[in-house]
Amino acid sequence: MDGATGHIHYPWDEVPGEGEAIEVAPGVLWLRLPLPMKLDHVNVYALDEGDSWTVIDTGFYSTRTVQIWESLMAGPLQGRPVRRVLVTHHHPDHMGMAGWFQKHHGAELITTRTAWLFARMLTLDVQNRPTEETMTYWRRCGMDAAILSARADERPFNFADVVYPMPLGFTRIRQGDAIRIGGRDWEVHMGNGHSPEHATLWSRDDNLVLAGDQILPSISSNIGAYATEPEADPVADWLEACERLSVLARPDQLVLGGHKLPFTGLPLRMRQLIDNHHGALGRLEKHLVTPMSAGECFAPLFKRRIGEAEYGLALVEAMAHCLHLWHEGRAERSLREDGAWVFQAV
């Protein structure tokens, strides 16, 4: 039996192919879209409304993704329209095609206010070079000098590169709302930490959970602090959300997340998500016996070599964990001559 002392079970070991779908529950299709990065996919879901579909999350915007969606709509979605798109959080692999569905298919966008505001702001904020504030923040994190120098002269990733322009107008969901999708009533519960005001949906009628990136199996959601809010404490937000959502977890629930495979065994997974970060914080605290920048803290946090592809996400996650210890009074910080914050355990 799955549970806090049981195990996590994956009912499907095959994933949907490009342009294909797997029915994971009556009227619920699991679709998968490609991503041009190490985490090479995002899961999206289509819920049957009878004469139309509601889609949960959308993938990056690209010519290829448009073609895949057109193939999906003609094939597994049986030519019926997508009338609603619900986006769990603002990250581009989830929000990327939302504006396309609005503009080209007249779909209603449903999301949280924070997700919509963040996404629309970021689509309008296009930079050819990193901003002065971003460069300063990277120095504060202790970014490797060679990487910092290279990035200073490169066009940074822009949200608008992979997110379709977002028209005005959306429908807000908030904590405690109930929404009917695909013949089921769902309760809305907010996650945080990976993304602010991240919506998760919990079915009142059966055992389904639409989890986005708040609850993933086998990998940890990235929890980063960024130049937009350089002294934030997303680790505290994450731990609070996980503890709160744990109360809702049942062993039989089928969790449909934004990456990897659908799974059961949610009470155990929630415990793992919480314990993993407490363990990382404990290792980090021991590491900080001497003053270290976030960029010098990869070893205790990740316990593996961090390559170039993961460096940026690892850096902001290391900074988030250092900041958490600082906010909790478990570490002090001071500014080093090279512009990096260095943290030392108290």
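Draft legend 1. Seen up close, helix α8 (residues 266-287). Taking 1.5 Å as the rise per residue, α8 with 22 residues should run 32 Å; its terminal C-alpha atoms sit 32 Å apart, in good agreement. Looking only at α8, the buried set comprises Leu266, Pro267, Leu268, Arg269, Met270, Leu273, Ile274, His277, Ala280, Leu281 and Leu284. Buried residues along α8 sit against β10 (198-203), α7 (234-246), β12 (254-257), α9 (298-302) and α10 (308-327).

Draft legend 2. Examining the sheet that holds strand β5 (residues 82-86) more closely. The mixed open sheet is built from 7 strands, whose spatial order is β1-β2-β3-β4-β5-β6-β7. In this open sheet, the two strands that pair with only one neighbour each are β1 (22-25) and β7 (171-172). Sheet topology places strand β2 (residues 28-34) next to strand β3 (residues 41-48); 7 bridges connect them, and they run antiparallel. By the bridge assignment, Leu29 is partnered in β3 with Ala46. Contacts from helix α1 (residues 63-74) reach β2, β3, β4 (53-56) and β5 within the one sheet, and its direction differs from that of β2 by about 155°.

Draft legend 3. Layout of the pairing of β4. Residues Trp53 and Val55 point to one face of β4 and Thr54 and Ile56 to the other, with burial holding for every one of them. The pairing of β3 with β4 spans 4 bridges and is classified as antiparallel. By the bridge assignment, Asp48 is partnered in β4 with Trp53. Following β3, the chain reverses through 4 residues before pairing antiparallel with β4; Gly50 in that reversal takes a positive phi of roughly 95°. Here 4 bridges tie β4 to β5, and the two strands are oriented parallel to one another. From the neighbouring strand, Ile56 faces β5, where its bridge partner is Leu86. Between the parallel elements β4 and β5, the chain passes through α1 in a crossover that is right-handed.

Draft legend 4. Highlighting helix α4 (residues 113-123). Listing the buried residues of α4 in full gives Ala115, Trp116, Ala119, Leu122 and Thr123. The arc that holds every buried residue of α4, seen down its axis, measures 145°, which confines them to one face. Against α2 (92-95) and β6 (108-111) lie the buried residues of α4.

Draft legend 5. Representation of the environment of Asp205. If you trace the backbone, Asp205 turns up in the loop between β10 and β11 (208-212). Residue classification places Asp205 among the partly exposed residues on the basis of a relative accessible area of 47%. C-alpha of Asp205 to C-alpha of Arg184: the two residues are 21 residues apart in sequence and 5.9 Å apart in space. Setting aside chain neighbours within four positions, we find Asp205 in contact with Arg180, Gly183, Arg184 and Asp185.

Draft legend 6. Local environment of the nonpolar core. Ile215, Leu266, Met270, Phe298 and Met319 are the most contacted members of the largest nonpolar core, which totals 49 residues. Of all the secondary-structure elements, those providing two or more residues to this core are α5 (132-141), β11, α7, α8, α9, α10 and β14 (341-345). When residues in this core are grouped by element, the largest group, 9 residues, is from α10. The contacts of Ile215, once residues within four sequence positions are left out, are Trp202, Val255, Gly257, Phe263, Leu266, Arg269, Met270 and Leu273. Grouped together as the second largest cluster of nonpolar side chains are 35 residues, Leu35, Val55, Met73 and Trp116 included.

Draft legend 7. The arrangement of the side chain of Glu197 in detail. You can see Glu197 is positioned in the loop between β9 (184-191) and β10. In contact with Glu197, not counting residues within four places along its chain, are Thr88, Thr112, Arg113, Thr114, Arg172, Ile173, Met190, Gly191 and Asn192.

Draft legend 8. Just the sheet that holds β11, in detail. Sheet architecture is open: 5 strands sit in the order β8-β9-β10-β11-β12, paired in mixed fashion. Whereas interior strands pair on both sides, the edge strands pair on one side only; in this sheet they are β8 (178-181) and β12. For this sheet, the mean angle separating the axes of adjacent strands, direction not counted, is 30°. As paired elements, β8 and β9 share 4 bridges and run antiparallel to each other. Considered in β9, the bridge of Ile181 is made with Arg184. Helix-sheet contacts for α7 involve β9 and β10, and the interaxial angle to β9 is about 150°.

Draft legend 9. Representation of the state of the cysteines in the model. Overall, the coordinates contain 0 disulfides when judged by the stated rule. Looking at the unpaired Cys141, the closest cysteine sulfur is the one in Cys322, lying at 8.9 Å. Assessed through its relative accessible area of 0%, Cys141 is described here as buried. Looking at Cys242, it has no disulfide partner, and the nearest cysteine sulfur is the one in Cys322, 20 Å off.

Draft legend 10. Representation of unusual backbone geometry within the structure. Phi at Gln78 is positive, roughly 60°, even though this residue is not glycine. Assignment of secondary structure puts Gln78 in the loop between α1 and β5. The class of Gln78 is exposed, set by a relative accessible area of 53%. In the Ramachandran plot, Glu197 falls in the positive-phi region, its phi being about 50° despite a non-glycine side chain. Since its relative accessible area comes to 15%, Glu197 is described here as buried.

Rules used in this analysis
- Residues numbered from 1 in each chain as written.
- Predicted model: local features only at pLDDT ≥ 70, side-chain atom pairs only at ≥ 80, totals over all residues.
- Heavy atoms only, no water.
- Helix = DSSP H or I, 4+ residues; strand = E, 2+ residues; numbered from the N terminus.
- Expected span 1.5 Å × (residues − 1).
- Buried < 20%, exposed > 50% of the residue type's maximum accessible area, 1.4 Å probe, protein only.
- Contact = heavy atoms within 4.5 Å.
- Pairing = 2+ DSSP bridges.
- Axes fitted to C-alpha atoms, helices over the stretch in contact; angles between N-to-C directions.
- Right-handed = clockwise from strand over helix to strand, strands pointing away.
- Arc of directions from axis to C-beta.
- Core = buried A, V, L, I, M, F, W, Y, C linked by side-chain atoms within 4.5 Å.
- Disulfide = S-S within 2.5 Å.

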